Structures are given as C-alpha cells and as structure tokens.
Amino acid sequence: MKNPTLTVEDLQKAGALLRAGEVVAFPTETVYGLGANALDEIACAKIFALKGRPADNPLIIHIASLDMLDELTEITPMARKLAKAFWPGPLTMVLPKKPGIPDIVSAGLYTVGIRFPSHPTAQELIRSAGQPIAAPSANLSGRPSPTTAKHVAEDFIDQLLILDSGPVEIGLESTVIDVSGEHPILLRPGFITINQLEKILDQKVRLANLEDARRPAAPGMKYRHYAPKGDLRLVTTRDQALKQHQELRDQHKTEPLCILTEHPDQSWPDHLEVFLIAKHGDLETYARNMFAALRYADSSGYQSIIMEAVPAEGLGLAIMNRLEKAAKKA
Ligand code: TXA
Ligand code: MG
C-alpha cells in the first residue's frame, strides 16, 4: 500500500527535519504516527504540545533495527522471544529504560515502550533520521486515531510535513505488553492477540485492569480516547439498533449515522442512514475501517452515532477496547 508519489527526496527531507528537532507525521502498519527524535527532549516536547497530550502519558519509541535497542533498554529473555516472533510488527514492549532517554518520553517512568514497525516507510524514515523516533498516534489527544494522511491533516492543518503512503493496513494501534517485570501484563489489546502472546511466552498473560490504570505503570489507560464528536452508542442486536435509532433521533432531532455490519441473511431497514463497515464477522476489515467510520461521522456533522459491537475475543477484544472508550462520556 505504498504511495508511489512518495519519493526518496521526501524521506530525506523528513529525516533532515527530524534531525533538526522537528516533528513529522508518518505511516505505520497500525495507524499514522507523529514522530520526533526520541533522544531530543525539546523535539519530544513539541509532540505533547501539538497533540495537547497530558505529560503523564508516555510515548512509544520506534526502532528500525535490533541494534537500536542497545541505547534504549536491556532486552530481557521474555522480550527476546516476543521480538523474534512479532517484530517487525504491531507489538509494543514496555521494558526497563536506559538513562539516555529523556524523562519526557517515558513520562518519568523507569520503563519505556518500544516498537519495531513493519511499514517500509516507517523503517526508511527511522533510518533516514538515523535515530529512534518517539511517536504517538498522529491525532489530537482524545480523537480517533488516523488511518490516512487526510485524517492527520484534519487534526493538524498546515502544521507539519505528512508522509502519505495511503491508508494503513491494520487500522488500530499496536498491542502493548509490559515485559519489564516478572510476569507479562497486557496494557493495550491490539492486532496481536493474548493467545498469540501466551503461545510464544508459554505462560499466562494477564489483562491490565482498572487497578493497573490507577498505578503509574499504565498511564494511557485512564484517559478518554478515540472519541468522535457525536454521541456514540454501541449495540449488539438488530432490535437494540432500531430502538437506539428512535431514541437518538428524538433526543438530537437529527438523523443518527448507523455504522453496521453486512449480515448474510438480513438487510437493514431503508430508513436508516447506514455506513456498512465490514461483512459480519470480518474483524480485520472492521478494525481497518473503524476510526475512518468515526471520523466520517464527525466530518459529515452527525450528532449521534450507532455502532454495532463485536464479540470481545481475539481481535474483537482490541476493537471493543477502543469502542468502549470512544463511547464513554467524560
Ligand atoms: O500502533 C501504535 O502503537 C501507534 C503507532 C504510531 O506506532 N502509536 C500509538 O501511540 O498508539 P500512543 O501514544 O497513541 O499510545 C501509546 C500507549 C499509551 O497508552 C501509553 O500510555 C502506553 O502506550 N505506553 C507508552 N510507554 C509506556 C510505558 N513505559 N509504560 C506503560 N505504558 C506505556
Ligand atoms: Mg493514541
């Protein structure tokens, strides 16, 4: 899915900007990222300012070779196994942090999140910069993550260089696993599932709970995330969808957008405004289109949104993790 219009010169220019302490947006296989030189404190501070990100929510550092790990962390046996199985790819590992990493990146924690993305443009950019790149998702804090360059431009109009490689492949952010302690803890579900992780580690992976969110070790969990501007309701059945439709229309006096799946043996009533997100049960397509659907609802001015939930298993766990946060008020 590489954009043929992206040239070597674009990458060189982006690399030079990063070396000069500027921020650049770039594609990864999960979502677009907002990158800065991870070892440059002032450059990383610009990311927090641009996004409006709370200072206690740390950034993930992106690398393009295992050699880059040396100055960032001491790799543990658990991390070595996971790196072998899933890197490059959509997995972030939280590991003990080395002193060279500015405190702003890790939000003052003793650990740091590290990811080796598989997207060729991300890898080329990191190599062009010659430095590891700290990057959160390239959206304003709290908004749905960007899966196209256009989404990034919506949130940061004319503020930065955006490397456009077309739509991303996966559509939701990396799985985050804390392997800094004795037992692995899943901090954020993603494309790589608990089952896959447990198989490689040959032990149980505990899902972080609200208690963990109150501890400083998993700061990102406590914030509202991924939210559209419209009032979002999740439904599981056809009856619920129709009932919510009635309620939302009465409440907001406008037509809700219904983000629904295509069922093999039933169609949705004609009077609904439907965005068909995927075939029923096709979770990979659902994940890829989820944030784009929420952003479409916003850019089309819908005041309310009904979205079909999926079973919270496998990739569905990651999808529902995002949707439940997106639907939460406050
Ligand atoms: O797929 C992704 O991970 C994308 C692309 C751009 O790589 N990045 C991304 O970053 O989603 P961000 O900042 O939106 O989410 C990073 C998550 C946050 O929830 C943060 O709290 C958590 O990772 N995190 C980062 N470092 C951590 C650490 N040392 N300990 C615990 N959680 C950490
Ligand atoms: Mg994010």
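Now for a quick tour of the structure. Source: prediction; values computed, not measured.

Here we look at the environment of Leu 109
At step 1: Summarising the element assignment, Leu 109 is placed in the loop between helix H4 (103-106) and strand S5 (111-115).
At step 2: Relative accessible area serves as the criterion here: at 17%, Leu 109 is assigned to the buried category.
At step 3: In the structure, Leu 109 is positioned 202 residues away from Pro 311 in sequence and 34 Å away in space, judged by C-alpha atoms.

Things to note about the sheet that holds strand S7 (residues 161-162)
At step 1: Overall, mixed pairing links the ten strands, which are arranged S7-S1-S2-S6-S3-S5-S4-S8-S9-S10 in an open sheet. In the strand order of this sheet, the two ends are held by S7 and strand S10 (206-207), each with one partner.
At step 2: Examined bridge by bridge, strand S3 (residues 60-62) and strand S6 (residues 133-134) share two bridges and lie antiparallel to one another. The residue of S6 that forms the bridge with His 62 is Ile 133.
At step 3: Strand contacts of helix H3 (residues 77-86): strand S4 (91-96) and strand S8 (175-178), with the helix running at about 160° to S4, the strand carrying the most contacts.

Remarks on the layout of surface pockets
At step 1: Of the volumes computed, that of the second largest pocket is approximately 170 Å³.
At step 2: Taken together, the residues of the lining of the second largest pocket break down into four nonpolar, one polar and five charged.

Things to note about the packing of helix H1 (residues 8-19) against helix H5 (residues 120-129)
At step 1: Close contact between H1 and H5 brings their axes to 8 Å; oriented N to C, the two are set at 55°. Judged by the inter-axis angle, H1 sits oblique to H5. When the axes of H1 and H5 are compared, the crossing they make is right-handed. Contacts from Leu 11, Gln 12, Ala 14, Gly 15, Leu 18 and Arg 19 in H1 reach Thr 121, Glu 124, Leu 125, Ser 128 and Ala 129 in H5.
At step 2: Residue classes in the contact of H1 with H5 are distributed as five nonpolar, four polar and two charged.

With respect to the pairing of S8
Within a regular beta strand, the side chains point alternately toward one face of the sheet and then the other, so they alternate between its two faces.
At step 1: Taking every second residue as pointing to the same face, both faces of S8 are buried, with Thr 175 and Ile 177 on one and Val 176 and Asp 178 on the other.
At step 2: Sheet analysis places S4 next to S8, joined by four bridges and oriented parallel. What sits directly across from Val 94, in S8, is Asp 178.
At step 3: As paired elements, S8 and strand S9 (residues 185-188) share three bridges and run antiparallel to each other. Its bridge partner lying in S9, Ile 177 is registered against Leu 186.
At step 4: In this antiparallel pair of consecutive strands, S8 and S9, the connection spans six residues.

What to know about the nonpolar core
At step 1: Counting 59 residues, the largest nonpolar core has Leu 82, Trp 87, Leu 91, Met 93, Ile 177 and Leu 197 as its most contacted members.
At step 2: In terms of residue count, H3 provides more of this core than any other element does, five residues in total.
At step 3: In this view, Trp 87 contacts Ile 63, Leu 66, Leu 69, Leu 82, Met 93, Ile 114, Arg 115 and Phe 116; residues no more than four positions away in its chain are not counted.
At step 4: Judged by nonpolar contacts, the second largest core, of 26 residues, contains Ile 305, Met 307, Val 310 and Ala 318.

What about unusual backbone geometry?
Keep in mind that most residues, glycine aside, have a negative phi and that most peptide bonds are trans.
At step 1: Here the residue pair Trp 87 and Pro 88 is connected by a cis peptide bond, since its omega of -10° sits within 30 degrees of zero.
At step 2: Residue position: Pro 88 is located in the loop between H3 and S4.
At step 3: Even without being a glycine, Asp 202 presents a positive backbone phi close to 60°.
At step 4: Position of Asp 202 among the secondary structure elements: in the loop between helix H7 (194-201) and S10.
At step 5: By relative accessible area, Asp 202 is classed as exposed at 68%.

Thoughts on the sheet that holds strand S11 (residues 231-235)
At step 1: Reading across from one edge, S11-S14-S12-S13 is the order of the four strands in this open sheet, with parallel pairing throughout. Strands at the two margins of the open sheet, each flanked by one partner only, are S11 and strand S13 (273-279). For this sheet, the mean inter-axis angle between neighbouring strands, taken without regard to orientation, is 25°.
At step 2: Lying on the sheet, helix H10 (residues 283-299) is in contact with S11, strand S12 (257-262), S13 and strand S14 (304-308); it crosses S13 at an angle near 160°.
At step 3: Strands in contact with helix H11 (residues 315-327) are S11 and S14; relative to S11, the strand with the most contacts, it is inclined by about 135°.

Section: the site of ligand 1
At step 1: In the vicinity of ligand 1, 25 residues are found, and the nearest of them are Thr 30, Arg 53, Asn 57, His 62 and Ser 174.
At step 2: Secondary-structure elements contributing two or more residues to the shell around ligand 1 are S3, S5 and S9.
At step 3: Take the shell around ligand 1: its biggest share by element is four residues, from S5.
At step 4: The residue inventory of the shell around ligand 1, partitioned by class, reads twelve nonpolar, nine polar and four charged.

About the cut-offs
- Residues numbered from 1 in each chain as written.
- Chains lettered and ligands numbered in written order.
- Predicted model: local features only at pLDDT ≥ 70, side-chain atom pairs only at ≥ 80, totals over all residues.
- Heavy atoms only, no water.
- Helix = DSSP H or I, 4+ residues; strand = E, 2+ residues; numbered from the N terminus.
- Buried < 20%, exposed > 50% of the residue type's maximum accessible area, 1.4 Å probe, protein only.
- Pairing = 2+ DSSP bridges.
- Contact = heavy atoms within 4.5 Å.
- Axes fitted to C-alpha atoms, helices over the stretch in contact; angles between N-to-C directions.
- 1 Å grid on protein atoms, 1.4 Å probe; cavity = no way out; pocket = protein on both sides within 12 Å on 5 of 7 lines; lining within 4 Å.
- Points joined across faces, edges and corners; volume = space filled by probe spheres on them.
- Nonpolar A, V, L, I, M, F, W, Y, C, P; charged D, E, K, R; others polar.
- Parallel < 35°, antiparallel > 145°, perpendicular 65-115°, else oblique.
- Left-handed = near helix turned anticlockwise from the far one by under 90°.
- Core = buried A, V, L, I, M, F, W, Y, C linked by side-chain atoms within 4.5 Å.
- Near = heavy atom within 4 Å.

Keep in mind these numbers describe shape, not what the thing actually does.
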